[in-house]
Amino acid sequence: MALPKHRQSHSKTRLRRSHDALSTPNVYACPDCGEPKQPHRLCAGCGSYNGKKIIQFDEDTE
Ligand SMILES: [Zn+2]
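If you're wondering where the values come from, they're calculated on a predicted model, not measured in any experiment.

Q: Help me get a handle on the coordination of the zinc ion, residues and values and all.
A: Bound to the zinc ion on the protein side are Cys30 (SG), Cys33 (SG), Cys43 (SG) and Cys46 (SG), at distances that span 2.3 Å. Every donor counted, the four donor atoms about the zinc ion form angles of 105 to 116° at the centre, which fits tetrahedral coordination. For the zinc ion, the single-chain donor residues occur in sequence as C-x2-C-x9-C-x2-C. Classification of Cys30 as buried rests on a relative accessible area of 5%. A relative accessible area of 36% places Cys33 in the partly exposed class.

Q: Give a detailed account of a nonpolar patch on the surface, specifying residues and quantitative values.
A: The grouping of Leu42, Tyr49, Ile54, Ile55 and Phe57 at the surface amounts to a nonpolar patch, some 410 Å² of accessible area in total. Here Phe57 lies in the segment after strand S4 (52-53).

Q: Explain the confidence of the model for the chain to me, and be specific about the residues and the numbers.
A: Averaged over all residues, the pLDDT of the chain is 90; the fraction at 70 or higher stands at 94%. Confidence, expressed as mean pLDDT per element, reaches its minimum in the chain at S4 with 88 and its maximum at helix H1 (residues 10-17) with 97.

Q: Any details on unusual backbone geometry? Residues and values, ideally.
A: Peptide bonds are mostly trans, and most non-glycine residues show a negative phi. Residue His40 is not a glycine yet carries a positive backbone phi of 65°. Looking at the element boundaries, His40 is found in the loop between strand S2 (36-37) and strand S3 (48-49). You can call His40 exposed: its relative accessible area is 70%. A positive phi angle is found at Asn50, which is not glycine, with a value near 55°. Within the secondary structure, Asn50 sits in the loop between S3 and S4. A relative accessible area of 68% means that Asn50 is categorised as exposed.

Cut-offs applied
Residues numbered from 1 in each chain as written. Predicted model: local features only at pLDDT ≥ 70, side-chain atom pairs only at ≥ 80, totals over all residues. Heavy atoms only, no water. Donors = N, O, S within 2.8 Å, 3.2 Å for Na, K, Ca; no water. Tetrahedral: all angles 85-135°; square planar, octahedral: opposite > 155°, others 65-115°. Buried < 20%, exposed > 50% of the residue type's maximum accessible area, 1.4 Å probe, protein only. Patch = residues over 30% accessible without salt bridge, like charges linked within 9 Å, V, L, I, M, F, W, Y side chains within 5 Å. Areas by Shrake-Rupley, 256 points an atom, 1.4 Å probe, with all protein chains shown as cover. Salt bridge = Lys/Arg side-chain N within 4 Å of Asp/Glu carboxyl O. Helix = DSSP H or I, 4+ residues; strand = E, 2+ residues; numbered from the N terminus. pLDDT = per-residue confidence, 0-100.

Written as structure tokens, this is what we have:
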């Protein structure tokens, strides 16, 4: 089985992990219903995009 010849230093490990952090998603309030929404994505609250209703949610099934 292949094994690494040398143990990686803490510095090398930390340098690699310096790019691992997740950034917080950009969220703003939907102009149609006020629900939090991400840009370039369909609103999860009302199903609208760019002022137009794209999908209709069933209110009775909740
Ligand atoms: Zn909405």
